[in-house]
Amino acid sequence: MAKQATDYVNHVFTKDNKGWEILYSWFTDALMQKNGIVKVWWDEYEEVQREEYRGLDEVSFMALISPDEIEVVEHTEYPEGDYILHDVVVKRDTYMGKIRVENVPPDEFLIARESKSIEDAKFICHRVEKTLSQLREMYPDENIEAEDLGGGFNEDEYSMERLARYEFDKSAKYWSGWGGGEGDDETLRTYWLHESYIRTDYNGDGLAELRKVCSVGDYVLANEEIDEIPFVSLCPIKIPHKFFGLSVADLVMDLQLMKSTLMRNLMDNMYNQNFGRYAVLEGQANLDDFPNTTARWCGSRKIPQRYHAPRDPATGAVHFPDAGILG
């Protein structure tokens with residue numbers, strides 16, 4: 001029984017979900033951003049299948065279309081000897097569900113500052129960007145119109161944490177050259193959906209219950225009581241009684257600053273050694289005779305020599321071993 005349970009969990013995690021990619025992103029977020037967040041929930045969805053049948057007798061035809069989930073799309077009946085046969089095309093709506101596991105980017109996860117863990121947090125929010133079409137699919141009972149949701153602007157798009165993830169390839173929404181505009185298609189207009197988990201006394205019985213509130217701006221799409229918060233956190237270096245711990249970057253940040261400063265000065269010294277600075281006697285030398293590169297500097301001065309090339313001392317041999325010590 002234990003082996004079967006293990007095999008089932010492995011199948012759900014690695015086959016129904018992208019298990020390896022989830023673990024990779026989870027651990028990477030934790031090592032670089034203090035905490036890695038994963039969302040786990042039961043996802044119910046509707047699956048529509050088209051089915052086509054030919055030559056059905058009356059009994060088979062009635063048995064096929066009797067279930068509530070069957071909708072007849074096309075139907076043709078014709079005589080065949082003493083019988084009436086049916087050619088039919090139907091659409092079958094099947095409601096299915098499965099366990100979903102998904103990484104949550106650190107900039108899309110909010111938690112009350114005083115929280116010690118996810119379980120005892122008074123407020124947790126997962127904010128995610130959705131199109132108007134996706135919102136309508138998620139909340140089919142709501143008659144969602146674009147004017148009800150506002151302009152779709154949210155200052156979270158400009159958060160430094162979010163922009164840092166896109167900086168290396170300039171793929172954020174408002175970087176120059178970004179090609180993801182919605183154009184005139186209203187259904188592709190994007191909005192920030194806030195999926196908030198709040199402990200509050202909503203029904204006035206004197207006890208705070210856990211509620212899930214989904215909203216876009218001031219427009220509330222759902223408000224329901226739930227049993228648990230569907231997030232799991234991973235932290236490489238825990239700080240007692242705190243939700244956020246330390247990342248590996250926090251441990252080496254001071255060394256990295258020292259190494260960056262040292263290497264920058266070493267490189268500046270090498271530039272000055274390879275491209276010496278010149279002091280030119282004013283009115284006694286033609287500046288066009290000197291190389292004009294960004295690493296050189298020419299300046300006038302009034303001394304007996306027509307030009308002078310002061311040299312900086314070479315410090316590479318002294319400080320390169322220090323750079324090796326810093327790793």
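Just so we're clear, the structure is a prediction, and the values are computed from it rather than from any experiment.

Draft legend 1. Local environment of the sheet that holds strand S5 (residues 123-131). Strand order in the open sheet made by the five strands is S4-S5-S6-S7-S8, with antiparallel pairing throughout. Taken across any chain shown, the strands that pair with only one partner, and hence form the sheet edges, are strand S4 (109-111) and strand S8 (219-225). Strand after strand, the sheet turns through a mean of 20° between neighbouring axes, direction not considered.

Draft legend 2. Expanded view of the layout of surface pockets. Counted as a void, the largest pocket has a volume near 1100 Å³. Every residue lining the largest pocket is counted, 30 residues in all, and those nearest its centre are Trp-41, Asp-43, Met-138, Glu-195 and Lys-212. Where the lining of the largest pocket is concerned, the elements lending two or more residues are strand S1 (36-56), strand S3 (83-104), S5, helix H4 (132-138), strand S6 (190-200), strand S7 (209-216) and S8. Ranked by the residues each element gives to the lining of the largest pocket, the list is headed by S1, at seven residues. Among the residues forming the lining of the largest pocket, the class breakdown is 15 nonpolar, two polar and 13 charged.

Draft legend 3. Expanded view of the packing of aromatic side chains. Per the stated rule, a full pass over the model turns up six aromatic pairs. Ring geometry for Trp-20 and Tyr-24: centres 5.4 Å apart, planes at 15°, overall stacked. Highlighted residues: Trp-20 and Tyr-24, both in helix H2 (residues 19-33), separated by four residues, approximately one helical turn. Between Tyr-197 and Phe-231, the ring centres sit 5.6 Å apart and the planes meet at 90°, which makes this aromatic pair edge-to-face.

Draft legend 4. Looking closely at the sheet that holds strand S2 (residues 70-80). As summarised here, the arrangement of the four strands in space is S2-S3-S1-S9, forming an open sheet in which the pairing is antiparallel. This sheet does not close on itself; its edge strands, each paired only once, are S2 and strand S9 (231-234). On average, each strand axis in the sheet is inclined to that of its neighbour by 25°, with strand direction left out of account. Of the pairings in the sheet, the one linking S2 to S3 comprises ten bridges and is antiparallel in character. The partner of Glu-71 across the bridge, within S3, is Lys-91.

Draft legend 5. Looking closely at the pattern of salt bridges. Taken as a whole and judged by the stated rule, the model has twelve salt bridges. The partner of Glu-52 in a salt bridge is Arg-54, and the shortest N-O contact between them spans 2.7 Å. A relative accessible area of 41% places Glu-52 in the partly exposed class. Residue Arg-54 is classed as exposed on the basis of its relative accessible area of 60%.

Draft legend 6. Main features of the side chain of Ser-115. As for its position among the elements, Ser-115 is in the loop between S4 and S5. Judged by its relative accessible area of 8%, Ser-115 is buried.

Draft legend 7. Focus on the side chain of Glu-209. Tracing the backbone shows Glu-209 in strand S7. On the basis of relative accessibility, which here comes to 8%, the residue Glu-209 falls in the buried class. Among the polar contacts made by the side chain of Glu-209, one reaches the main-chain amide nitrogen of Tyr-202 at a distance of 3.0 Å. A polar side-chain atom of Glu-209 sits 3.4 Å from the main-chain amide nitrogen of Asn-203. If near-sequence neighbours (up to four positions away) are discounted, Glu-209 is found in contact with Ile-198, Arg-199, Thr-200, Asp-201, Tyr-202, Asn-203 and Glu-225.

Draft legend 8. Focus on the pairing of S1. Inspection of the sheet shows S1 paired to S9 by four bridges, in the antiparallel sense. Its bridge partner lying in S9, Val-38 is registered against Val-232.

Draft legend 9. Quick peek at H2. Across its 15 residues, H2 extends 21 Å between first and last C-alpha, which sits within 8% of the 21 Å expected from 1.5 Å per residue. Listing the buried residues of H2 in full gives Gly-19, Ile-22, Trp-26, Asp-29 and Ala-30. End-on, the buried residues of H2 take up no more than an arc of 100°, which puts them together on one face. Exposed residues pointing more than 90 degrees away from the buried face of H2 are listed as Trp-20 and Met-32. Of the surrounding elements, those touching the buried residues of H2 are helix H1 (2-16), S1, S3 and S9. Lys-34 lies just past H2 and shows a positive phi near 80°.

Rules and cut-offs
- Residues numbered from 1 in each chain as written.
- Predicted model: local features only at pLDDT ≥ 70, side-chain atom pairs only at ≥ 80, totals over all residues.
- Heavy atoms only, no water.
- Pairing = 2+ DSSP bridges.
- Helix = DSSP H or I, 4+ residues; strand = E, 2+ residues; numbered from the N terminus.
- Axes fitted to C-alpha atoms, helices over the stretch in contact; angles between N-to-C directions.
- 1 Å grid on protein atoms, 1.4 Å probe; cavity = no way out; pocket = protein on both sides within 12 Å on 5 of 7 lines; lining within 4 Å.
- Points joined across faces, edges and corners; volume = space filled by probe spheres on them.
- Nonpolar A, V, L, I, M, F, W, Y, C, P; charged D, E, K, R; others polar.
- Phe/Tyr/Trp six-rings, centres within 6.5 Å; stacked < 30°, edge-to-face > 60°.
- Salt bridge = Lys/Arg side-chain N within 4 Å of Asp/Glu carboxyl O.
- Buried < 20%, exposed > 50% of the residue type's maximum accessible area, 1.4 Å probe, protein only.
- Polar contact = N/O pair within 3.5 Å; in protein donor to acceptor, adjacent residues only side chain to side chain.
- Contact = heavy atoms within 4.5 Å.
- Expected span 1.5 Å × (residues − 1).
- Arc of directions from axis to C-beta.

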